[in-house]
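Inside the fold
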Amino acid sequence: MAFHTHEQDGLTWLSSDLLEVPHGFSTRQGGVSRPPWDSLNLGPGRGDDLDAVQENCARFCGSLGMDSARVVMAKQIHETTVRLCTPEDAGKGLYRDRDYTADALLTREPDLPLMVFSADCGTILLHDPVSKAVGAVHAGWRGCAAGIPAKAVNLLVRRFGADPARLRAALGPCIGPCCFETDGDVPHAMRNALGEAAEAYLTPQRNKWHVDLAGLNRLWLLRSGIPPEQIDVCGLCTACRPDLFWSHRKMGEARGVQAAVIMRRSVL
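Calculation notes
Residues numbered from 1 in each chain as written. Predicted model: local features only at pLDDT ≥ 70, side-chain atom pairs only at ≥ 80, totals over all residues. Heavy atoms only, no water. Helix = DSSP H or I, 4+ residues; strand = E, 2+ residues; numbered from the N terminus. Rg over C-alpha atoms; globule rule 2.2 N^0.38 Å. Buried < 20%, exposed > 50% of the residue type's maximum accessible area, 1.4 Å probe, protein only. Contact = heavy atoms within 4.5 Å. Lys, Arg positive; Asp, Glu negative; His and termini not counted. Charge placed at Lys NZ, Arg CZ, Asp CG, Glu CD. Pairing = 2+ DSSP bridges. Phe/Tyr/Trp six-rings, centres within 6.5 Å; stacked < 30°, edge-to-face > 60°. Axes fitted to C-alpha atoms, helices over the stretch in contact; angles between N-to-C directions. Parallel < 35°, antiparallel > 145°, perpendicular 65-115°, else oblique. Nonpolar A, V, L, I, M, F, W, Y, C, P; charged D, E, K, R; others polar. Salt bridge = Lys/Arg side-chain N within 4 Å of Asp/Glu carboxyl O.

Helix and strand content of the protein chain: six helices and 15 strands. Scaling as 2.2 N^0.38, a compact globule of 268 residues should have a C-alpha radius of gyration of about 18 Å, and the protein chain matches this with 17 Å. With the C-alpha coordinates of the protein chain rotated into their principal frame, the extents come out at 45 × 45 × 35 Å. Burial status across the protein chain gives 57% buried among its 268 residues. A fraction of 67% describes how many contacts in the protein chain between residues 6 or more apart in sequence connect residues 24 or more apart. Between the centroid of the 29 positive side chains of the protein chain and the centroid of its 31 negative side chains there is a distance of 3 Å.

Below you can see the structure in the form of structure tokens.
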């Protein structure tokens, strides 16, 4: 298992060896947006020029062999709504209005890219090579505590016939335990959700707690039945690498967002 960094025409993105379908985790490099969204901001509705966001999306998706005009974008509210996407959703979020909220997107439709956003939160891309189902999950600490990784896996199984034993999962860059310092509310929520197993990912430090968000999201995937060798974790901290990523904790609201996207090919 390994993540790789790709560079093309100034664009930088990441991918995982585990996923055998088109996918990528963007960085902030290689776009056309001006400060404070410089430069590869992929999130509409943040004050950035829409033409710039559309160009950024075209560049990122084009590097992955995807049609940006067909991308389905999540409208995230840090909850556990999962949307089962159909061809009717193509282009929603960037070229058409999103008439839904969802923090996870699932489909078995070909050539329908699914995109979720992050600026410290976790992102998870899922693929079952037999059922051909794919998923993109936004899992910040609230979504993690509410179990959205497990909910997404369960719906892939129930609606598309996916098998957890076959599923592949890649967890993209997010804020690391080095920088995710919280009060007791986050550890309390994680203990309520995951029990004693959460303790391994919670470190007390000077009346605060440092939280391993990627580790907790991975724990949900393991509990859902995905074998450990089929889960890939990027390990890069968004707060530590302002050259590559935006961080809500470090930058506040005056920033762009990176994205994770996945698509089933029409021919496999």
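Turning to the sheet that holds strand S13 (residues 208–211), a few remarks are in order. Pairing in this open sheet of three strands is antiparallel, and the strands run S11-S13-S12 from one edge to the other. Here the strands that pair on one side only, and so sit at the sheet edges, are strand S11 (181–182) and strand S12 (202–205). Here four bridges tie S12 to S13, and the two strands are oriented antiparallel to one another. Residue Leu202 lies in a different strand from S13, and its bridge partner there is Val211.

Glancing now at the packing of aromatic side chains. Given two aromatic rings, their pairing is described by the distance between the two centres and the angle made by the two planes. Taken as a whole, this structure holds one aromatic pair when the rule is applied. When the ring of Phe3 is compared with that of Phe25, the centres are 5.5 Å apart and the planes differ by 50°; the resulting orientation is tilted. A residue pair is termed long-range when its members are at least 10 positions apart, and Phe3 in strand S1 (residues 3–8) and Phe25 in strand S3 (residues 23–26) qualify at 22 residues. Comparing Phe3 with Phe25, the two get one shared label, buried.

In this section: helix H5 (residues 213–223). H5 sits mainly inside the fold: eight of its eleven residues count as buried. The set of residues buried in H5 consists of Leu213, Ala214, Gly215, Leu216, Asn217, Leu219, Trp220 and Leu221. Two residues or fewer past H5, Gly225 is found with a positive phi of approximately 105°.

Looking now at unusual backbone geometry. Of note, the amide linkage connecting Pro35 to Pro36 takes the cis form, showing an omega dihedral of 5°. Here Pro36 is to be found in the loop between S3 and helix H1 (50–63). Each neighbour pair has its own omega, and for Asp38 with Ser39 the value is -5°, a cis peptide bond. Even without glycine at this site, Asp111 takes up a positive phi of about 55°.

Relative orientation and spacing of two packed helices are given, respectively, by the angle between their axes and the distance between those axes. For the pair helix H4 (residues 185–194) and H5, the least separation of the axes is 12 Å and the interaxial angle reads 5°. Viewed along their axes, H4 and H5 adopt a mutual orientation that is roughly parallel. The segment H4 lies against H5, with Met190, Ala193 and Leu194 engaging Leu216, Leu219, Trp220 and Arg223. Classifying every residue of the contact of H4 with H5 gives six nonpolar, no polar and one charged.

This next bit is on the pattern of salt bridges. Scanning all chains against the criterion turns up eleven salt bridges. Two residues, Arg46 and Glu253, come together in a salt bridge whose shortest N-O distance is 3.0 Å. Of the two residues, Arg46 is situated in the loop between S3 and H1 and Glu253 in the loop between helix H6 (248–251) and strand S15 (258–262); the sequence distance between them amounts to 207 residues. We classify Glu253 as exposed; its relative accessible area is 52%. Where Asp89 meets Lys92, a salt bridge forms, and the shortest distance between an N and an O atom there is 3.1 Å. Taken as a pair, Asp89 and Lys92 share a single burial class, namely buried. Salt bridges linked by common partners bring Arg83, Asp89, Lys92 and Asp99 together as one network.

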